[in-house]
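Architecture at a glance
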Amino acid sequence: MDESAAEIGSTLVDLSGLTLATVGSYDRKALAPAMAPLLRQIDVPTNSAAGHNS
Amino acid sequence: MPFPTSPSEWPVVADFGTAADLPRHRLPLTQLDSLASGGFDPDALGTLLSAERSRRLLLLRAMIDYARAEANATGPLLSIDAVWNLLLLAEAAAPEIVAELLADPQTGTAIAHTLRRLRSVVTDPAPLWFYVGQLHALATSAAIRAGITGEMTVPAWIGDIHFPSLGRLRLPVDETWSYATVTIGTVVHVSCHGTTVELDTTSDSWLPVLTLRSTMDSQELSIQLDDQSACRLLNRPVRPEPLDRADVRRWQALVDDAWGLLVSDHPDHAKSLAAGMRSLTPIPAVFRFRPHSTSMEDGFGGAILSEPFDGAQLAVTMIHEYQHSILNGIRHLTELVDGAQPAIGYAPWRHDPRPLGALIHGVFAFTAVTEFWAVHRNRLTGVDADLADFEFALWRDQSTAVLESIKDDPRLTPAGVRVVDGLAARLDKLNTLPVTDRTGTLATAAMHDHQASWRACHLRPDPDQVRSLADAWSTGRPASSVVHGRKPTVVAGTPQLLDTKAALIRLRIAGGEMFDRLYAQPELVAGATAADIAYVAGDLASAHQGYLAELSATPERAGAWSGLGLTLVASGRHEVGQVLLAAPQLVRAVTATLAEGGRRPRPDNVAAWLVAGSA
C-alpha cells in the first residue's frame, strides 16, 4: 500500500469515465497484473463460507 | 439483423504499454475516516461507487477473456464476441442503461460466480453456459431498453427466461437447460423449442421486476425486490419464486415504515442507503428473533433477507447489510489485514470461528446496529422499549468485546488501524449511554451464554493438562497440584445453535403467551431445551437439574455447559459458575476423560473442585 500523508494509493485500476469499448480495447496481457488480485478476491469471497459475512 | 461479431470491428480507443501505465484509484484518508465514523460523506461514497464500477468492469473484462479461451463457454448460445458487441452497441445508444445494469448487485454476483466456474474454482448443477449466458440476458435487456434491433440468444431454465431489470418470461418448455432466441424490433419475439411468443408484459407468463419506492420528507428510496434472478442467492442458481400480491403489499408497507424511521431518526444512513442500496432478495419469514440476512462481497448494495417482523427490523437489517457493502468497498481499495487469517476468532454473532477480516466486518456492521438501537429505543415504550434496550446493550457489549480483542492485532494494516480506531471512538460514545438494570443484566447473561457455549463447542484444552487433572481428581489430589496447560486450541466444532438462550430471553421480554407455550413445545424455538426455558423463566432449580441431565446424556451440547454456568451464577454459586463460563472446555474435557474410566462425575462438582484448587 502506498500511503502518503493525505491518501491511500490503491492497486485497483481506475476506469472512471471510460466506456466498455475502451475497457475491451486494452491489451489482455497488459491488464493481467491488475486482474490478478481481483481474481484472488473473487475466488475466496467473504460471503461464500456460510452465507453471512459478519 | 445480426450484430457484428468480429473482434476486428471493435473500436480501439485506448492504447497503453503496461499495467503500470494505468491510473489507479486513490482513497483520501479523510474519506476513510468518515466512512469509519459511520456518517454520510457523499464524496467518500462516490469514491467507493466509482471503485466498484472499475472493479466490475475489470471483472467483466476478465470474464470475457476467460470465456473466449474456453471452447464451450457459450454452449448453444451465440458467441461471447456477439454478446460483447451487443453490449457495446447498447452502451453507445444508451450508456446510462448499460451503467445501471452493470451496477446491479446481481450482475456483480453473476460475473464473479461465472469467473469462478470458468476458472474451475467451484462447481454447481447448472451448465457453464447458463452463467456465461447471464451476460447474454443482460445485453438483451439493454438492447430492448435502448431500442436496438437484432437477434440474441439467452438461457432458459425449465422455460424461465430472465431479462435483467425487466422481468421473467415463462414458456411451456420442460427441458431443464435450454435457450431462446430473442428477436428485437418494434416488438420483441422470443422463440424456444418451437414456441414463439411476442413479449407481452401484460400476459400471465410475464413476471415483472419489482421495484419498491418510498418517499419521506422529499427523500426517495427506490429498491428492487428480487424474486426472480438466478444469481440472487449465494453460490448456486435459484429459480424464480414469485411473490404474490399480498407479499408485495407487505414488503411495500415494511419499506415505507423502515424508510420513515430512517429518514426521521437516522438521516445519514438514509442518505447513504438512498445512494447505494439497490436490491433486496426476499426469503421467507422466520422466527421473529432469529432473522436471516446476508450480503455478497461482489454485489455492492444488495442484501438477502428474511421477511422482517416490522419496519424497524427492516431498517436495522438494511443498515447492517449495507455496512458490509461499505466495508467491502473499502477493502476493494485497500486491504485492512495483512497476513494469514486462520478462522479462529470469536464472533458473538456467529456459531463458528471466524478470521480477523470477518471480525472487523462484524464490528463494523454491529456498531452501526448498536447506534440504530441507541436512537430507536427512545421512541418506544413498554416491552418494545425493553427489547430495543436489550438489543442496544447486547450488540454494544459484544462489539466492544470483539473490538478489544482485535484492536492491537499486528496484522492490521495502517488502513485497518484507522478503521478500527474509528469504530473504537463510536463504541466509546455508545458505552457512555445508560441501560436499564433489567435489560443490562439480561444482555450480560446472553453475552456470557454465547461466549461460554462457543468455548465449549470450539475450544480444545491442552490434553496433557486434562490428563493430569483427571489423574488428580481420581487420586484425591487438589487441582492446584496440576500445572497450568498450554492455551486451548480453536477447532471447528460440530455446528450447533449458540444463540438459543438469547432468542428465549427476547421472547421472555416480549411477553405474551408464546413463551408459556414453550413449556409444552420447546421446539417452537429451534435448539431450545426444557432446561433453557427454565433458566430464562427464572426456575433455577429445574434449570440446574435439567442441565445436569443434559450433560450426562448429551455432553456435546454446548448450550448446556453455558446454561449450567449461568444457572450456578444466578443461584449464588458465583465462582463455580464462573469456571463453567470461563473454561467450559476444560470442565467438559476432564469430565469426559473421567467418564471414559467409568467414573463420570457431575460437571458442577468438577468445576467446584477446580475452584477449590485455584484458591
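Residues numbered from 1 in each chain as written. Chains lettered and ligands numbered in written order. Predicted model: local features only at pLDDT ≥ 70, side-chain atom pairs only at ≥ 80, totals over all residues.

**Quick look at the overall build of chain B**
Along the backbone of chain B there are 22 helices and 15 strands. Relative to the compact-globule value of 25 Å for 615 residues, chain B shows a C-alpha radius of gyration of 28 Å, a close match. Principal-axis analysis of the C-alpha atoms gives chain B an extent of 90 × 55 × 50 Å. Sorting the 615 residues of chain B into buried and exposed places 50% on the buried side. Intrachain contacts of chain B at a sequence separation of at least 6 include 67% that bridge at least 24 residues. (Helix = DSSP H or I, 4+ residues; strand = E, 2+ residues; numbered from the N terminus. Rg over C-alpha atoms; globule rule 2.2 N^0.38 Å. Buried ≥ 20, exposed ≤ 12 C-beta atoms within 10 Å, placed from the backbone. Contact = placed C-beta atoms within 7 Å.)

**Remarks on the overall build of chain A**
Counting its regular elements, chain A contains two helices and two strands. Listing the helices and strands of chain A from first to last along the sequence gives β-β-α-α. When each of the 54 residues of chain A is scored for burial, the buried share is 33%.

**As for the sheet that holds strand 12 (residues 293-294) of chain B**
Within the open sheet, the five strands sit side by side as 9-10-11-13-12 (chain B). Their pairing is mixed. Each edge of the sheet is formed by a strand with only one pairing partner; in this case those strands are strand 9 (210-216) and strand 12 of chain B. (Pairing = 2+ DSSP bridges.)

**So, the nonpolar core**
By size, the foremost hydrophobic cluster in this structure holds 187 residues, and its most contacted members are Leu59(B), Val83(B), Leu87(B), Ala139(B), Ala315(B) and Leu580(B). Among all residues touching Leu87(B), those that are not within four sequence positions of it are Leu20(A), Val98(B), Ala139(B) and Ala142(B). (Core = buried A, V, L, I, M, F, W, Y, C linked by C-beta atoms within 7 Å.)

**A look at the interface of chain A and chain B**
Where interface size is quoted, it is often the accessible area lost as the parts come together. Listed as interface residues are 40 residues of chain A and, on the opposing side, 62 residues of chain B. Counting only elements with at least two residues in the side of chain A that touches chain B, the list comes to strand 2 (7-13), helix 1 (20-25) and helix 2 (28-43) of chain A. Broken down by element, the side of chain A that touches chain B gets its largest block of residues, ten residues, from helix 2 of chain A. For strand 2 of chain A and strand 1 (residues 24-28) of chain B, the ladder comprises four bridges, and the chain directions are antiparallel.

**Some thoughts on the confidence of the model for chain B**
Residues and elements named next belong to chain B. When pLDDT is averaged along chain B, the result is 94, and 97% of the positions lie at 70 or above. In this model residues 1-17 is a low-confidence stretch, pLDDT under 50, and it forms 32 contacts with partners more than four residues away in sequence or in other chains. Overall fold confidence for the complex sits at a pTM of 0.94, while the interface term, ipTM, reaches 0.89. (pLDDT = per-residue confidence, 0-100.)

**Topic: the confidence of the model for chain A**
Residues and elements named next belong to chain A. Per-residue confidence for chain A averages 80 on the pLDDT scale, and 76% of its residues sit at or above 70. The spread of mean pLDDT over the elements of chain A runs between strand 1 (residues 2-3), the lowest at 50, and strand 2, the highest at 95. Contacts of residues 48-53 to residues separated by more than four positions or lying in other chains number 13 contacts, the stretch itself having pLDDT below 50.

**Digging into the packing of helix 1 (residues 29-37) of chain B against helix 2 (residues 42-69) of chain B**
All names here are of chain B. Viewed as axis vectors pointing N to C, helix 1 and helix 2 meet at an angle of 100 degrees, and their least axial separation amounts to 9 Å. With respect to their mutual orientation, helix 1 and helix 2 come out roughly perpendicular. Listed contacts from helix 2 to Gln 31, Ser 34 and Leu 35 of helix 1 are Asp 43, Ala 44 and Thr 47. Residue classes in the contact of helix 1 with helix 2 are distributed as two nonpolar, three polar and one charged. (Axes fitted to C-alpha atoms, helices over the stretch in contact; angles between N-to-C directions. Parallel < 35°, antiparallel > 145°, perpendicular 65-115°, else oblique. Nonpolar A, V, L, I, M, F, W, Y, C, P; charged D, E, K, R; others polar.)

**Regarding the environment of Ala36(A)**
All names here are of chain A. As for its position among the elements, Ala 36 is in helix 2. Given 13 C-beta atoms within a 10 Å radius, Ala 36 is considered partly exposed. When the C-alpha atoms of Ala 36 and Val 13 are compared, they prove to be 12 Å apart, with 23 residues separating the residues in sequence.

**Description of helix 21 (residues 584-596) of chain B**
All names here are of chain B. Taking 1.5 Å per residue as the helical rise, helix 21 with its 13 residues ought to reach 18 Å, and the 18 Å between its terminal C-alpha atoms agrees with that figure. When we look at burial in helix 21, the residues that qualify are Pro 584, Gln 585, Leu 586, Val 587, Arg 588, Ala 589, Val 590 and Thr 591. Just beyond helix 21, the residue with positive phi is Gly 598, at close to 85 degrees. (Expected span 1.5 Å × (residues − 1).)

**Considerations on the pairing of strand 13 (residues 302-306) of chain B**
Residue and element names in this part refer to chain B. By the criterion of burial, strand 13 is predominantly enclosed, with four of the five residues buried. Sheet topology note: the strand 11 (residues 279-283)/strand 13 ladder contains five bridges and is parallel. Paired with Pro 282 across the two strands is Leu 305, which belongs to strand 13. Pairing of strand 12 with strand 13, which is carried by two bridges, proceeds in the antiparallel orientation. Note on strand 13: the bridge partner recorded for Ser 293 is Leu 305.

**Some thoughts on unusual backbone geometry**
Residues and elements named next belong to chain B. For Ile 158, which is not a glycine, the phi torsion comes out positive at approximately 45 degrees. Assignment of secondary structure puts Ile 158 in the loop between strand 2 (150-157) and strand 3 (160-163). Residues other than glycine seldom take positive phi values, yet His 193 does so here, at roughly 50 degrees.

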